[in-house]
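Spelled out, the chains give:
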Amino acid sequence: MYSLKGKNIVQLNVNKEIHDVVIRPSDVLLNTLRDQLGLTGAKPGCENGDCGACTVLIDGWPVKSCLMLTVEALGKKITTVEGLKNVPIQKAFIEKFAFQCGYCTSGFLLVCHALATIHPYPPDIVIDEWLQSNICRCTSYEEIGNAVRAILSGEI
Amino acid sequence: MISFDFEYYRPDTLKEAVDIFLKLDKEGKSPVYYGGGTELISMARVGSQSFGAVVDIKNIPECKVLGFNADTLCLGSAITLSDITEANYFPLLSKTAGRIADHTMQGKITFGGNLASTIIYRETVLPLLLTNARLTVAGKNGLAEVEIGQVFKERLRLQKGEFLVKATIDKKFLIAPYFHVKKTKNEKIDYPLITAEGLKLDGYVRIAFSGLASYPFREANIENMLNDSSLEFSQRADKIVQALSGVITSDLYGSAEYRKYVLKNTIVNILETLKDQ
């Protein structure tokens, strides 16, 4: 049985690199990524699982890092927006003007990238379901939808 | 950020989980069983719940089952709502799971966590109530299998140290005609004003509700009224609304009067939809 008490050094696999971090069992992944690894792409928003600004990928699936204990991520592959290197959704966001202030962008990029990877040919209802996990207060929803549809259709 | 410390345990077997829970409890550490953790983390963050240890059950194989065993569908308590929707073995349960929180959260919220939630809706229990599901519970005396009505009365009622291992559902229910209606006040993703779900089996309609009262429920007398063919659909709906008027909730999502109005229309629509099935 694995257990963790008090502060410990553990290893996290983030963006295909192994990092040593010091955590306590009650640390949430969002804070570990930002405060210990300087990966500030995951944004603190509501910190209640509602806004999606803190979304990262865990073994390829989107997860809101504000509601995941760091200890739960041990042994899993974590991808933050800093780990997305020239993937089509980034180009699509630029070409389709899919952001304004940019605070929600990293979360949306990761959800869209995961969707395109897991469900390459999703019906519209699936696209809508996935995108409803994130909030954009600048209301760029139309453009974000256009961006993800552009990569799914092969336009970009 | 969670402002207090706790210990983390991830047992590999059912016995390890129960043993460590009882040990931690004896040591005064107020342990909690941990699945997806979404509710525990958010409540801990705002200080409305505290605990000295969590026992994460996600590494226990029996809690991760999702598939068929002879004539039953087995659903482990640590599978996620996304696991349920992606597998889609039971369309009514998939619909239910797919309308709880949002898609990303469904990948973290566990089946058992939703059933044991302190938030009143616990919508995944509705398909279980409708199918007389059996629950397997682990405790200090080993495993016990019980009919859902024995341990779910408004909420999951387990003894200290016990936790839900899995639910099993008879295959015959998986292909029955069903309905799932979730009405919210404003946004699609929200707690329900009313969720009504049901199955039609051998010409008889079963129905269960969440959001209508301060707990999810299925009642035999309501189903008798629903199936009373001597009455018109709207008369049956009126009788049900009247019978439930004492438990219908009034809150920020809607007044009791508004819920009654929505309930009546929902029942009539359901009966219209199911009449030829």
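Everything below is about the structure printed above this text.
Q: When you look at the pattern of salt bridges in this model, what are you seeing that I'm missing?
A: It is possible for side chains bearing opposite charge to pair when their charged atoms get close. Residue and element names in this part refer to chain B. A full pass over the atoms with the stated rule returns 22 salt bridges over all chains. Of the charged contacts in the structure, one is a salt bridge between Lys-182 and Glu-123, with a shortest N-O distance of 3.3 Å. Within this pair, whereas Lys-182 is found in strand β11 (residues 178-183), its partner Glu-123 is found in the loop between α6 (111-115) and α7 (125-130), the two being separated by 59 residues in sequence. A relative accessible area of 10% means that Lys-182 is categorised as buried. Given a relative accessible area of 4%, Glu-123 falls into the buried group.

Q: Hey, could you run me through the nonpolar core in this one?
A: Soluble globular proteins: nonpolar side chains tend toward being buried together. In terms of nonpolar packing, the biggest core is built from 71 residues, with Leu-29, Leu-69 and Ile-78 of chain A together with Phe-111, Leu-128 and Leu-135 of chain B touching the most fellow members. Considering every element that reaches this core, the biggest residue donor is α7 of chain B, with five residues. Those residues in contact with Ile-78 of chain A, other than ones at most four positions away along the chain, are Leu-12, Asn-13, Val-14, Asn-15, Leu-29, Leu-33, Val-56, Leu-57, Ile-58 and Ala-73 of chain A.

Q: What is the right way to read the pairing of strand β1 (residues 7-10) of chain B from this model?
A: Where a strand is regular, its side chains alternate between the two sheet faces. All names here are of chain B. What you see with β1 is no split at all: Glu-7 and Tyr-9 on one side and Tyr-8 and Arg-10 on the other are buried throughout. Relative to strand β3 (residues 53-56), β1 is paired through three bridges, and the arrangement is parallel. Looking at the pairing, Tyr-9 lines up with Val-55 of β3.

Q: Just checking my understanding: could you explain the packing of aromatic side chains for this structure?
A: Given two aromatic rings, their pairing is described by the distance between the two centres and the angle made by the two planes. All names here are of chain B. Inspection of every chain in the model, using the stated rule, returns 13 aromatic pairs over all chains. With a centroid separation of 4.6 Å and an interplanar angle of 45°, the aromatic rings of Tyr-33 and Phe-163 are classed as tilted. Of this pair, Tyr-33 sits in strand β2 (residues 31-34) while Phe-163 sits in strand β10 (residues 163-170); the two residues are 130 residues apart in sequence, bridging distant segments of the chain. Residues Tyr-33 and Phe-163 agree in their burial class; the two are buried. Ring plane angle 70° and centroid distance 5.0 Å describe the contact between Phe-68 and Tyr-89, whose orientation is recorded as edge-to-face. One end of the pair, Phe-68, is in strand β4 (residues 66-69); the other, Tyr-89, is in the loop between α3 (81-87) and α4 (91-97), with 21 residues separating them in the sequence.

Q: I'm lost on the sheet that holds β3 of chain B in this one. Help?
A: In a beta sheet, neighbouring strands pair by backbone hydrogen bonds and run either parallel or antiparallel. Strands sit in the order β1(A)-β1(B)-β3(B)-β2(B) across an open sheet of four strands; the sheet is mixed. The sheet is open, and its two borders are formed by β1 (2-4) of chain A together with β2 of chain B, each paired with just one other strand. In this sheet, neighbouring strand axes are inclined to one another by 15° on average, regardless of whether the strands run parallel or antiparallel. Across three bridges, β1 of chain A lies against β1 of chain B in antiparallel orientation. Pairing of Tyr-2 of chain A across the sheet is with Arg-10 of chain B, part of β1 of chain B. The sheet strands contacting helix α1 (residues 14-26) of chain B are β1, β2 and β3 of chain B, and the helix crosses β2 of chain B at an angle near 155°.

Q: Can you help me understand the packing of helix α3 (residues 105-118) of chain A against helix α5 (residues 141-152) of chain A in this one?
A: What describes two packed helices is the angle between their axes and the distance between those same axes. Residue and element names in this part refer to chain A. It is at 10 Å that the axes of α3 and α5 come closest, and there the two elements cross at 30°. By the angle between their directions, the pair α3 and α5 is classed as roughly parallel. Every pair of crossing elements has a handedness; the one defined by α3 and α5 is right-handed. Of the residues in α5, those in contact with Phe-108, Cys-112, Leu-115 and Ala-116 of α3 are Tyr-141, Ile-144, Val-148, Ile-151 and Leu-152. In terms of residue class, the contact of α3 with α5 is built from nine nonpolar, no polar and no charged.

Q: What is the right way to read the sheet that holds strand β3 (residues 17-23) of chain A from this model?
A: Residues and elements named next belong to chain A. Ordered by their spatial adjacency, five strands build an open sheet running β3-β2-β6-β4-β5, and the pairing between neighbours is mixed. The open sheet is flanked by β3 and β5 (61-64), the only strands paired with a single partner. The sheet shows a mean angle of 45° between the axes of neighbouring strands, direction not considered. When strand β2 (residues 8-14) meets β3, the two strands line up antiparallel, connected through seven bridges. Counted as the bridge partner of Ile-9 is Val-22 from β3. Set on the sheet, α3 makes contact with β4 (55-58), β5 and β6 (77-79); between it and β4 the angle comes to about 35°.

Q: Looking at this structure, I do not really get α1 of chain B. What am I missing?
A: For the α-helix, the turn length of 3.6 residues means that residues three or four positions removed from each other point alike. All names here are of chain B. For α1, built from 13 residues, the straight-helix expectation of 18 Å at 1.5 Å per residue is met to within 8% by its first-to-last C-alpha distance of 18 Å. In this structure, the buried side of α1 is in contact with β1, β2, β3, β6 (134-139), β7 (142-147) and β10. Just past α1, the residue Gly-28 takes up positive phi, approximately 80°.

What counts, and where the lines are drawn
Residues numbered from 1 in each chain as written. Chains lettered and ligands numbered in written order. Predicted model: local features only at pLDDT ≥ 70, side-chain atom pairs only at ≥ 80, totals over all residues. Heavy atoms only, no water. Salt bridge = Lys/Arg side-chain N within 4 Å of Asp/Glu carboxyl O. Helix = DSSP H or I, 4+ residues; strand = E, 2+ residues; numbered from the N terminus. Buried < 20%, exposed > 50% of the residue type's maximum accessible area, 1.4 Å probe, protein only. Core = buried A, V, L, I, M, F, W, Y, C linked by side-chain atoms within 4.5 Å. Contact = heavy atoms within 4.5 Å. Pairing = 2+ DSSP bridges. Phe/Tyr/Trp six-rings, centres within 6.5 Å; stacked < 30°, edge-to-face > 60°. Axes fitted to C-alpha atoms, helices over the stretch in contact; angles between N-to-C directions. Parallel < 35°, antiparallel > 145°, perpendicular 65-115°, else oblique. Left-handed = near helix turned anticlockwise from the far one by under 90°. Nonpolar A, V, L, I, M, F, W, Y, C, P; charged D, E, K, R; others polar. Expected span 1.5 Å × (residues − 1).

By themselves these figures say nothing about function.
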